[in-house]
Amino acid sequence: MRINNKTVSYILCCFPFFELFTLEMLIARGVLTGVLSLITAGFSVARLLISLYMIARVFARNLCSITYTAWGIIAFSFFRVISSLINGTFGMGLVLAAISYIGFVMVCEWMIYESKQDFYKAVFLLFGIYAIVGAISIFAFPNGFFDAATKAQAVYFLGSKNSSFDYFLIFMLLLVIRSFEQTDNLPRFTEIIVLFFLIAEVICDSSNAMLCLAILMCMLFMVKYTKNIYSCCSPAILVTAVFILGFMIVFGSTSNLLRSVVAIIGRDLSFSGRDTLWKQALEVVARNPLAGAGVNSSFVLATGAKASHAHCFYLDVFAKYGVFCFGAIMAMITGVMKKISNVKRDKRIVTIGAFVFVYLLHCVTEDASIYILGMILLLAETADMKENVVYRK
């Protein structure tokens, strides 16, 4: 792999948008608070400056995005600010976040516009370093850097026990995309690579990530050794499956009747206490469906501890920002999956769809970063494009 100045500049442009959750966790523990707070402030300033520059550059050239990912994030950012005005939680932080979200997709699309291959190399290298170092740190420090009493309290290189999955998945997605572009096949030792990251997730006891990577491994195995897989694993079928499974998990876990039935066979539908958060979030949605309850809304676990999110990305967006933000996210996901379905009905599209599927499934029981979601959808949406251009005048 040849690395040129453009690749390095792309890495530097992407880097500020993927600030490690480790910094926030260390600050919360009182570790080097002053220094780390200064670093996090530097990340925020860098994101803002890069975003403002790129937004101004795009508008100056009168260019218009044509990716569903960009339009979805722009709509989400806009409605997020509008909903805060309606529910009374408006603050400059929301405006700055909106600028960063929009700037992020503008930066990514501009880089794809200039050189898709260099963009892919930059993301591959950045997330490759994160993923490999993150996995090694889990093997070296199974209970985190401070030998935590429980895995839920552990601090790893990439953050909490649930943080690693995002970086592992994007790295593997780029590995697959680059392999298809070069050889029209999956990478050699694909199953071993997934297994390596799966073992890391087993060590840090992230049940959701373990399940998602196990599903991904099965789907990649099917792609590799099964013919005509598109008929049963098309992107349209996969995204429909996510919506159905998400509905069943959230509403099933909050159903007293279903919980009683499952209890007979000695099983538990609480999803480690998440059902309590989901029930509260659904109550918030029922009270404030239009604009939500606001970005600062919190939920209470069964233990009495507060949670800043509902442990379900989709439900959290609906509860905090209302139906329009939720609709923007759903429309973005549906648009991307529809677009990649129309490109080519072969194993490449099924494989890319599998990666999107497992991440969307992961988001059913976990929170998600707009930057991570945007990156995965943008990679999926542009992976089969033969040219660099993604803008039109």
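Residues numbered from 1 in each chain as written. Predicted model: local features only at pLDDT ≥ 70, side-chain atom pairs only at ≥ 80, totals over all residues. Heavy atoms only, no water.

Looking at the pattern of salt bridges
Piece 1. Considering all chains together, one arrives at seven salt bridges under this definition.
Piece 2. A salt bridge links Arg-47 to Glu-19; its shortest N-O distance comes to 3.1 Å. Here Arg-47 is found in helix α3 (residues 33-60), whereas its partner Glu-19 is found in the loop between α1 (5-14) and α2 (21-28), with 28 residues between them in sequence.
Piece 3. A relative accessible area of 23% places Glu-19 in the partly exposed class. (Salt bridge = Lys/Arg side-chain N within 4 Å of Asp/Glu carboxyl O. Helix = DSSP H or I, 4+ residues; strand = E, 2+ residues; numbered from the N terminus. Buried < 20%, exposed > 50% of the residue type's maximum accessible area, 1.4 Å probe, protein only.)

Regarding a nonpolar patch on the surface
Piece 1. Among the surface-exposed residues, Phe-78, Ile-82, Leu-85, Ile-86, Phe-90, Met-92, Leu-96, Leu-290, Val-323 and Phe-324 lie close enough to one another that they form a single nonpolar patch of about 950 Å² accessible area.
Piece 2. The set of elements that each furnish at least two residues to the nonpolar patch consists of α4 (68-87), α5 (92-140) and α14 (323-341).
Piece 3. It is α4 that provides the largest number of residues to the nonpolar patch, a total of four residues. (Patch = residues over 30% accessible without salt bridge, like charges linked within 9 Å, V, L, I, M, F, W, Y side chains within 5 Å. Areas by Shrake-Rupley, 256 points an atom, 1.4 Å probe, with all protein chains shown as cover.)

Regarding the side chain of Ser-137
Piece 1. Considering the arrangement of structural elements, one finds Ser-137 in helix α5.
Piece 2. The exposure class assigned to Ser-137 is buried, which follows from its relative accessible area of 8%.
Piece 3. If we skip the residues at most four places from it in the chain, Ser-137 touches Phe-145 and Phe-157. (Contact = heavy atoms within 4.5 Å.)

A short note on the packing of aromatic side chains
Piece 1. If you walk through the whole model with that rule in mind, you get 25 aromatic pairs.
Piece 2. Geometrically, the ring pair formed by Phe-76 and Tyr-101 is tilted, given 6.2 Å between the ring centres and 45° between the ring planes. Pair noted here: Phe-76 is in helix α4 and Tyr-101 is in helix α5, with a separation of 25 residues, a long-range link.
Piece 3. On the basis of relative accessibility, which here comes to 2%, the residue Phe-76 falls in the buried class.
Piece 4. An angle of 50° between the planes, with centres 5.1 Å apart, marks the rings of Trp-110 and Tyr-113 as tilted. Taken together, the residues Trp-110 and Tyr-113, both in helix α5 and three residues apart, mark about one turn of the helix.
Piece 5. One residue, Arg-178, lies across the ring of Phe-124, its end atom 5.3 Å from the ring centre. (Phe/Tyr/Trp six-rings, centres within 6.5 Å; stacked < 30°, edge-to-face > 60°. Lys NZ or Arg CZ within 6 Å of the ring centre and 35° of its normal.)

Concerning the environment of Ser-44
Piece 1. Its location among the elements puts Ser-44 in helix α3.
Piece 2. Ser-44 sits 25 residues away from Glu-19 along the chain, and the two C-alpha atoms are 9.0 Å apart.

Quick word on the state of the cysteines
Piece 1. Under the counting rule described, the total for this entry stands at zero disulfides.
Piece 2. No disulfide involves Cys-312; its sulfur sits 8.6 Å from that of Cys-363, the nearest cysteine.
Piece 3. When its relative accessible area of 4% is taken as the criterion, Cys-312 is described as buried. (Disulfide = S-S within 2.5 Å.)

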